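Residue-level structural notes
Each chain, written out:
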Amino acid sequence: MSLLPLLAACGTGSKSPSADGEKTTAGSSGQLDIPADANADLKKQYLLENAIAACMKKQGFTYTPVAPESLADSWATDGADYTLTKKYRQKYGFGLYAGIVYPNDASTAARQDSDDTPNADYVNTLTPAQKTAYNKALGSPPDPKSGEKKSTGCQGEADTSVYGSEPVQERSTTTESRNQANAQALNGDTKLVALAQSYASCLKKEGISVTTTQPTGIGEMVKLQALKSAPAGAGGVAAVEEDGSTQKSLSKEEALPLLTKDIELAMRDLECGKEFRAAYFPKFLKAPASGGGAG
């Protein structure tokens, strides 16, 4: 199927994704505008969402296409943009306790409540029978255990119209192999290796433990260590014990001093890695590596 009809169907008046979390929204036609600067992969993700919406409309349901986030935007406040990351960390630290201290803050809500979408709201208005029909029409990704190679329902129809006949799993394997090759290249880059070593030395001087100096891992290292050592209830999510019981989430009063420490740690990490990230992210965004970036 040609992609031209899908491109022509895009509406007007929508906004491009931003680092502040503002997403492109569907226009009156129910279609997303595709940003002019979107690369080939991102354009296909937009086309996929638009195709799902068009298919669901034919089935008698409303589906609001969800604007995909560009790689640069997804890492903007996680290190790719120093100014935005500094602004975020000065208030939220690594974000481990910010959701508890600022429960109504859009910045923390966007990171924690990924299920709060127009489609979820729409499905909640349906009767049980309608929900069953909606889910069947929407379809689901292939289940490798059953030997399925293509998504079902509108997801499958949209996937074929945008990506062709290549099975989802094969496409995923190809992408993963490419990302692993990119990771090897980043970790073998002499300039990045030297900057990562300097980054690690700075962290040690600050009394921060260093568990890796690989370019693809050091940027997220301090954040992951903080997450691992965080008490139960951090992030506003109750921890589940082995017996199935849940622990109570931290209170705002309990989270406030922890947030202060989290901010201090996040800022020290940011400053130690400033030169490294400035060199790393332009290369990472051009050739993404599996496992994420240096946030």
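In short, a report on the structure.

Conventions used here
- Residues numbered from 1 in each chain as written.
- Predicted model: local features only at pLDDT ≥ 70, side-chain atom pairs only at ≥ 80, totals over all residues.
- Heavy atoms only, no water.
- Helix = DSSP H or I, 4+ residues; strand = E, 2+ residues; numbered from the N terminus.
- Buried < 20%, exposed > 50% of the residue type's maximum accessible area, 1.4 Å probe, protein only.
- Contact = heavy atoms within 4.5 Å.
- Salt bridge = Lys/Arg side-chain N within 4 Å of Asp/Glu carboxyl O.
- Phe/Tyr/Trp six-rings, centres within 6.5 Å; stacked < 30°, edge-to-face > 60°.
- Lys NZ or Arg CZ within 6 Å of the ring centre and 35° of its normal.
- Axes fitted to C-alpha atoms, helices over the stretch in contact; angles between N-to-C directions.
- Left-handed = near helix turned anticlockwise from the far one by under 90°.
- Nonpolar A, V, L, I, M, F, W, Y, C, P; charged D, E, K, R; others polar.
- Disulfide = S-S within 2.5 Å.
- 1 Å grid on protein atoms, 1.4 Å probe; cavity = no way out; pocket = protein on both sides within 12 Å on 5 of 7 lines; lining within 4 Å.
- Points joined across faces, edges and corners; volume = space filled by probe spheres on them.
- Expected span 1.5 Å × (residues − 1).
- Arc of directions from axis to C-beta.

Moving on, we come to the overall build of the chain. Helices and strands together make up the secondary structure of the chain, namely 14 helices and 0 strands. In the chain, the succession of helices and strands from N to C terminus is α-α-α-α-α-α-α-α-α-α-α-α-α-α. Buried residues in the chain amount to 39% of all 295 residues. Taking as baseline every contact in the chain between residues at least 6 positions apart, the subset at least 24 positions apart corresponds to 56%.

Another point: the pattern of salt bridges. Tallied over the entire structure, the rule returns 8 salt bridges. Asp78 is the partner of Lys223 in a salt bridge, and the nearest nitrogen-oxygen pair spans 3.3 Å. One end of the pair, Lys223, is in helix α12 (residues 215–229); the other, Asp78, is in the loop between α3 (71–75) and α4 (82–92), with 145 residues separating them in the sequence. Among the charged side chains, a network of salt bridges with common partners joins Arg89, Asp269 and Arg277.

Moving on, we come to the packing of aromatic side chains. Any pair of aromatic rings gets described here by the distance separating the centres and the angle formed by the planes. Applying the stated criterion across every chain yields a total of 11 aromatic pairs. Here Phe61 and Tyr134 contribute two aromatic rings whose centre-to-centre distance is 5.5 Å and whose plane-to-plane angle is 90°, an arrangement assigned as edge-to-face. Linking Phe61 in the loop between α2 (40–58) and α3 with Tyr134 in helix α8 (residues 128–138), this pair joins segments that are 73 residues apart in sequence. Comparing Phe61 with Tyr134, the two get one shared label, buried. Relative to Tyr134, the ring of Tyr122 lies with its centre 5.8 Å away and its plane at 55°, an arrangement referred to as tilted. Of the two residues, Tyr122 sits in helix α7 (residues 118–124) while Tyr134 sits in helix α8, which places them 12 residues apart along the sequence. Site record: aromatic cluster; members linked through ring pairs are Trp75, Tyr199, Phe276, Tyr280, Phe281 and Phe284. One residue, Arg171, lies across the ring of Tyr163, its end atom 3.9 Å from the ring centre. Above the plane of the ring of Tyr82 lies Lys274, whose end atom (NZ or CZ) is 4.4 Å from the centre.

For the rest of this paragraph, the subject is the packing of helix α11 (residues 190–205) against helix α14 (residues 274–286). Packing of α11 against α14 brings their axes to within 9 Å, and their N-to-C directions diverge by 145°. Crossing of α11 over α14 shows left-handed handedness. Seen from α11, the contacting residues are Lys191, Leu192, Leu195, Ala196 and Tyr199; seen from α14, they are Glu275, Phe276, Arg277, Ala279, Tyr280 and Lys283. Residues that form the contact of α11 with α14 fall into these classes: 7 nonpolar, no polar and 4 charged.

Bringing the state of the cysteines into the picture now. Across all of its chains, the model carries 2 disulfides by this definition. Disulfide pairing places Cys55 opposite Cys154 at an S-S distance of 2.1 Å. On the sign convention where negative is left-handed, the bridge of Cys55 and Cys154, at about -75° about the S-S bond, is left-handed. Residue Cys55 is found in helix α2, and its partner Cys154 is found in helix α9 (residues 153–163); the two are separated by 99 residues along the sequence.

A few words on the layout of surface pockets. Counted as a void, the second largest pocket has a volume near 980 Å³. The wall of the second largest pocket is formed by 33 residues, among which Asn39, Asp41, Leu42, Gln45 and Arg178 lie closest to the centre. For the lining of the second largest pocket, the per-class residue count stands at 14 nonpolar, 9 polar and 10 charged.

With that settled, the discussion passes to helix α10 (residues 168–187). Counted at 1.5 Å a residue, the expected span for α10 with its 20 residues is 28 Å, and the 28 Å between its end C-alpha atoms agrees. Taken together, the buried positions of α10 are Val168, Arg171, Asn179, Asn182, Ala183 and Leu186. All buried residues of α10 lie within an arc of 110° about the axis, which places them on one face of the element. Facing away from the buried surface of α10 by more than 90 degrees, the exposed residues are Thr173, Gln184 and Ala185. Considering only its buried residues, α10 is in contact with α9, α11, α12 and α14.

This brings us to α8. Along an α-helix, residues three or four apart share an orientation, since each turn contains 3.6 residues. All of the buried residues in α8 are Tyr134, Ala137 and Leu138. All buried residues of α8 lie within an arc of 95° about the axis, which places them on one face of the element. Away from its buried face, by an angle of more than 90 degrees, α8 presents the exposed residues Pro128, Ala129, Thr132 and Lys136. Close packing links the buried residues of α8 with α2, α7 and α9.

Assignment of secondary structure puts Cys202 in helix α11. Judged by relative accessible area, which is 26%, Cys202 ranks as partly exposed.

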